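# Geometric and topological summary
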Amino acid sequence: MRNSTPTNLAFPTSSSMPDLSGLSNQVMLTSILNSTLGPSSLSAIADYEIRMLSVHYTRLVDHALLEYECARVALNEVIDRKGRFGPLVRAMCHMETCITTTYRSARFAHGLTAQPSLRPQLRSHLDKLDVLRASRRGGSLKGVRDAIHHMDERIIKGHASEGSNLCLHNHELTIYDYPIKEGVTEGITHTIKYIELAKWLKQLHKTSMVLATKGLQLAQPDLYA
């Protein structure tokens, strides 16, 4: 028999999501336009593997920023309209995509650090990013991303109890994961604070801007000095 757990779906009364609308989510487009004017773009990176990793990294960072802002705007609409369910569902969907895409961006950054021909200054810069540590085993980003994907499988197979969902609170997002094992519900939660997510996205965006606008200069030893 399944244990019932109370639903955690609730309407936030405020939002501390930082406004990132000032960060361009069209860095990939900027790079493409730059390539028509000169070599200072992603297309100028000579090493094929580094170029491909950089292109997909930049594309995903753009996507993550777009989804973050869509989630923030929808969440503010929930608050301004005092608990409308439609905007809350939209905010949850955008946030779910933002988390998975931010994780994918970090994975491509990891891929860049593994390239033997990558300049030491760029590798050192990437290794210092908090988001890369958060995307490794035991990190909060990886924990939330994995919970999203594992929950899908549990729901499909009938192994998820009531209350298993992604919930947006005033200051953080939380995955309430209630898997059923041998008829017993186990409660697991994974949380990311909005301010932390915004910090990761700023770090990823800053690096994508460098990759997209200074392609030829990636070989310069003082780029990340």
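Residues numbered from 1 in each chain as written. Predicted model: local features only at pLDDT ≥ 70, side-chain atom pairs only at ≥ 80, totals over all residues. Heavy atoms only, no water.

In this section: the overall build of the protein chain. Within the protein chain, the regular secondary structure consists of seven helices and five strands. Reading the secondary structure of the protein chain in the N-to-C direction produces α-α-α-α-α-α-β-β-β-β-β-α. Here the protein chain holds 225 residues, and the buried ones make up 46% of them. A total of about 11300 Å² of accessible surface is found on the protein chain, and carbon and sulfur atoms cover 55% of it. (Helix = DSSP H or I, 4+ residues; strand = E, 2+ residues; numbered from the N terminus. Buried < 20%, exposed > 50% of the residue type's maximum accessible area, 1.4 Å probe, protein only. Areas by Shrake-Rupley, 256 points an atom, 1.4 Å probe, with all protein chains shown as cover.)

With that settled, consider the packing of aromatic side chains. According to the stated counting rule, one finds one aromatic pair in the structure shown. Both rings, one in F11 and one in F85, keep their centres 6.4 Å apart while their planes meet at 80 degrees; by these two values the pair is edge-to-face. In this pair, F11 is assigned in the segment before helix 1 (27-35) and F85 in helix 3 (residues 85-113), connecting sequence segments 74 residues apart. On the basis of relative accessibility, which here comes to 38%, the residue F11 falls in the partly exposed class. (Phe/Tyr/Trp six-rings, centres within 6.5 Å; stacked < 30°, edge-to-face > 60°.)

What follows covers the pairing of strand 1 (residues 165-168). Residue alternation in strand 1 divides its side chains into two sets, N165 and C167 and L166 and L168, and both sets are buried. Here strand 1 hands over to strand 2 (residues 172-177) after three residues, the two strands then running antiparallel side by side. (Pairing = 2+ DSSP bridges.)

Here we take up the sheet that holds strand 1. Reading across from one edge, 1-2-5 is the order of the three strands in this open sheet, with antiparallel pairing throughout. In this open sheet, the two edge strands, each paired with only one partner strand, are strand 1 and strand 5 (188-193). Within the sheet, the average angular offset between the axes of one strand and its neighbour, ignoring direction, is 20 degrees. The pairing of strand 1 with strand 2 spans four bridges and is classified as antiparallel. By the bridge assignment, N165 is partnered in strand 2 with Y176. (Axes fitted to C-alpha atoms, helices over the stretch in contact; angles between N-to-C directions.)

Nothing here speaks to function; it is geometry throughout.
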